[in-house]
Amino acid sequence: MKVTLIAGSNRANASSTLLLRYVQTLLEAKEVTVRFIDLAELQLPLFSPDNWDFHPNVKLLLEAVVDSDGLLLATPEYHGSISGTLKNALDYITGNQVAGKAVLSVSSAGGPLGVSSLTHLQTIVRNLHGINCSDWISVGYGSNTLGPDGAPLDEKMRDRVRDAVNSFANLTCRLTAAGAVAAAN
């Protein structure tokens, strides 16, 4: 199984990116092949529907999405929505690149939880024909203290993250198997 993780913050040491790094270790412990795209490092030009001659960084992003069996999208919550950085990246992606793939949404908020950003992110995933995982991960004040490896210091939140990752991995595995059966018929 191959999974692409997209960290949608352009802030150095963003908690959403650190949390996604921890998720990466959980997936790799399950022997999942992980490709990590950090949009703070892989900067993309502003999307324009008038220009389909894509920048090399955009091509790398799209290759990672197409080559994956599932996606994890992480964002800070800004003004009740996802980051502009992640939205710009998602604007490059088409529905046939995400269709039928499991997607787990992750957010980090300055307030209690990033529910608004998760709701917006799940709407975008539906419009890209992806399959939203029934779980999501959101940390906010009180639960967003992370260790140097990105692991939540709050034990309940750490358990919540592990449960969501397990749910995502199971969904991705089922969808990948179903796709292989459909392709064989």
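Cut-offs applied
- Residues numbered from 1 in each chain as written.
- Predicted model: local features only at pLDDT ≥ 70, side-chain atom pairs only at ≥ 80, totals over all residues.
- Heavy atoms only, no water.
- Helix = DSSP H or I, 4+ residues; strand = E, 2+ residues; numbered from the N terminus.
- Rg over C-alpha atoms; globule rule 2.2 N^0.38 Å.
- Buried < 20%, exposed > 50% of the residue type's maximum accessible area, 1.4 Å probe, protein only.
- Expected span 1.5 Å × (residues − 1).
- Arc of directions from axis to C-beta.
- Contact = heavy atoms within 4.5 Å.

1. Quick word on the overall build of the protein
Along the protein, the regular secondary structure elements total 6 helices and 6 strands. Secondary structure of the protein in N-to-C order comes out as β-α-β-α-β-α-α-β-α-β-β-α. Computed over the C-alpha atoms, the radius of gyration of the protein is 16 Å, within 12% of the 16 Å expected from 2.2 N^0.38 for a compact globule of 185 residues. Seen through its principal axes, the protein has C-alpha atoms that stretch 45 × 40 × 25 Å. Within the span of the protein, comprising 185 residues, buried residues form 49% of the whole.

2. Brief notes about helix H5 (residues 115-127)
In this model H5 runs 18 Å from its N-terminal to its C-terminal C-alpha over 13 residues, within 8% of the 18 Å that 1.5 Å per residue would give. For H5, the set of buried residues is Ser117, Leu118, Leu121, Gln122 and Val125. Down the axis of H5, the smallest arc covering the buried residues is 135°, so these residues share one side. Of the surrounding secondary structure, the elements contacted by the buried residues of H5 are strand E3 (70-76), helix H3 (84-92), strand E4 (102-108), strand E5 (131-132) and strand E6 (137-139). His129 occupies a position one or two residues after H5 and carries a positive phi of about 70°.

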